[in-house]
Amino acid sequence: MTDRPLKNIAVLLAGGVGARVGLDIPKQLIKIAGRPIMEHTLAALDSHPMVDEIIVLMAQGHLDAVHEIIRKGGYKKVSQVLEGAATRNETTLRAIRAVEDAEANLLFHDAVRPMVTERIITDCFQALDVYDAVDTAIPSADTIVSLGDDGTIESIPRRNRLRRGQTPQCFKASTIRHAYQEAGKDPNFEATDDCTVVLRYSPDVPIGIVRGDDRNMKVTEPIDVYIADKLFQLTSVNSPEARTEEEYRAALSGRTMVVFGGSYGIGNDIVTLAQSYGCQVHSFSRSGTRTHVERREDIAAACRQVLESDGKVDFVVNTAGVLPRGTLAESSEETIYAATEINYLAPILIAQEFRTHLAATEGSLLLFTSSSYTRGRSGYSLYSSAKAAVVNLTQALADEWSGQVRVNCINPERTGTPMRTRAFGEEDPATLLESEVVARASLDVLLGRQTGHVIDVRKSDPLSSLDEV
């Protein structure tokens with residue numbers, strides 16, 4: 001008879017009030033990238049395959065907001081929502097007392113670190129196979145100085161021995177319980193994090209370290225809200241985990257998908273791939289069905305056609321676009337209007353015409369941007385500015401339609417498509433992403449639970465490719 005695996009319990013620490021941010025709501029409820037900060041964090045924990053259960057500790061007087069987030073988002077792993085205490089340590093102690101299991105793997109994470117990655121969470125749980133306590137940390141790029149009582153520099157520790165602590169912090173339940181029991185005997189007990197409690201009151205327990213991430217930042221000061229929102233735009237997120245062939249078929253069979261721009265390139269590959277899994281796909285394009293995405297009457301007609309055929313809409317994808325090149329000064333009025341209408345007004349019209357029908361099925365809208373949205377470039381002003389607008393539209397609609405329709409945006413690396421070939425000529429295929437890869441990632445996003453995200457589909461790290469179009 002084998003021992004039963006320990007339960008992995010994530011504790012979301014959202015007990016702070018965020019006085020330094022200067023708002024009348026806790027900082028964890030401030031919205032960035034279309035959702036409250038803590039919902040981004042909760043979604044990362046809830047979607048992680050190793051997390052079995054989630055306990056949320058929320059600032060006093062704000063539990064209703066958490067229950068609403070959980071209800072709308074369908075976060076089924078949340079087992080308890082409790083009020084936080086006056087201090088971080090007291091809040092942690094409440095969470096420990098709420099764990100009924102004699103032994104479990106406990107992961108404590110700050111609700112205001114919304115960019116925690118799946119890799120970090122996995123590494124933390126796996127490290128508990130070796131250690132009874134685990135911290136997350138990153139090297140310090142800055143020199144750290146130690147001050148004396150008079151405020152002058154007393155020492156400068158060697159930087160290669162220093163790390164900046166983050167969360168998650170992970171513990172065997174028995175380990176963190178014992179440390180807090182011992183801490184309770186100390187009338188002068190005070191600690192800024194839970195690893196400090198173990199280090200001080202269970203000094204014989206080695207504390208392991210897993211590698212964190214610079215982007216796993218904590219939103220503390222007002223400027224952090226701005227930075228975090230920009231990081232969500234610039235670094236986006238990875239595509240959801242791919243499914244098996246059987247899972248794709250089970251998720252798509254009998255569903256209805258509408259694809260604008262489906263006659264060639266990424267759009268055509270989405271059509272073909274979705275159909276192979278039994279999805280009923282309706283493709284519309286200027287060349288195939290004479291559908292002009294910049295005309296409301298054409299979008300409305302497409303919507304009516306789909307409803308008359310299938311009676312519902314589960315997914316809508318817009319891959320239609322044009323890539324004009326040249327300076328703004330030399331662009332004709334016709335080019336300006338065509339680029340703006342097709343690249344930006346079309347997504348707006350599609351969203352308006354299909355919103356009600358997507359809400360009826362709790363469906364998903366998928367738009368497309370380009371890496372050029374992060375910074376306008378000479379020669380691409382019309383294209384890059386429209387793509388930046390699509391990103392903002394995605395995040396705004398995700399906020400407006402929260403709990404009704406999921407809205408996301410794909411940001412593909414330079415991809416081999418007819419549109420790109422027309423603009424840049426023949427290129428080495430080895431340097432381009434295959435459109436079939438983007439199509440599969442699109443299906444993963446359509447079927448996923450996330451909303452308000454810009455999902456990078458690329459061969460390299462997103463921060464290394466800001467100059468691509």
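Report on the accompanying structure. All chains use their own residue numbering, which begins from 1 and follows the written sequence. Selection of residues for local features in this predicted model requires a pLDDT of at least 70, selection of side-chain atom pairs for listing and counting requires 80 or more, and totals for whole chains, interfaces and linings are taken over all residues. Where side-chain values are given, they derive from all heavy atoms of the structure, hydrogens and water being excluded.

**What about a nonpolar patch on the surface?**
Short version of the rule: Think of a patch as exposed residues, more than 30% relative accessible area, with no salt bridge, where like charges cluster within 9 Å and nonpolar side chains (Val, Leu, Ile, Met, Phe, Trp, Tyr) cluster within 5 Å. Calculation of accessible area relied on Shrake-Rupley with a 1.4 Å probe; when residues are assessed, cover is drawn exclusively from the protein chains displayed. Within this document, salt bridges are pairs made up of a side-chain nitrogen of Lys or Arg and a carboxyl oxygen of Asp or Glu, the two lying within 4 Å of each other. To qualify as a helix, a DSSP run of H or I must reach at least 4 residues; to qualify as a strand, a run of E must reach at least 2; elements of each kind are numbered from the N terminus.
On the surface, Val145, Leu147, Ile153 and Ile156 cluster together into a nonpolar patch covering about 370 Å² of accessible area. Counting through the fold element by element, Ile156 comes out in the loop between β9 (153-155) and β10 (163-172).

**What about the pairing of strand β6 (residues 105-110)?**
Formally: The buried label applies to any residue whose accessible area, calculated with a 1.4 Å probe on protein chains only, is under 20% of its type's maximum; exposed applies above 50%, and partly exposed to all values in between. For two strands to be treated as a pair, DSSP must find at least two bridges joining them.
Among the six residues that make up β6, six are buried, leaving the element largely enclosed by the rest of the structure. A two-sided burial pattern is seen for β6, the buried positions comprising Asn105, Leu107 and His109 on one face and Leu106, Phe108 and Asp110 on the other. Pairing between strand β1 (residues 8-14) and β6: six bridges, direction parallel. Directly across from Leu13, in β6, lies its bridge partner Asp110. One ladder, built from four bridges, connects β6 with β10; its direction is antiparallel. Within β10, the residue paired with Phe108 across the bridge is Gln169.

**Here's the deal with the pattern of salt bridges**
This structure, assessed with the given rule, holds 18 salt bridges. The partner of Arg296 in a salt bridge is Glu353, and the shortest N-O contact between them spans 2.8 Å. Taken together, the residues Arg296 in helix α11 (residues 296-310) and Glu353 in helix α12 (residues 333-360) connect sequence positions 57 residues apart. You can call Arg296 partly exposed: its relative accessible area is 35%.

**Points about the sheet that holds β6**
Using the following cut-off: Angles run from 0 to 180 degrees between N-to-C directions of axes, and those axes are lines fitted to C-alpha atoms, restricted for helices to the stretch in contact. When checking whether two residues touch, look at their non-hydrogen atoms; a contact exists if any pair is within 4.5 Å.
In space, the seven strands of this open sheet follow the order β5-β4-β1-β6-β10-β7-β11, with mixed pairing throughout. Of all strands in the sheet, those bounded by a partner on one side alone are β5 (78-83) and β11 (207-211). Neighbour to neighbour, the strand axes of the sheet diverge by 25 degrees on average, direction disregarded. Where strand β7 (residues 133-139) and β10 come together, six bridges link them in antiparallel fashion. Counted as the bridge partner of Pro139 is Arg163 from β10. Strands β6 and β10 of the sheet are contacted by helix α5 (residues 173-183), whose axis makes an angle of about 105 degrees with β10. In the packing of helix α6 (residues 194-201) onto the sheet, the strands contacted are β1, β6, β7, β10 and β11, and the crossing angle to β10 comes to about 75 degrees.

Coordinates in, geometry out; function isn't part of it.
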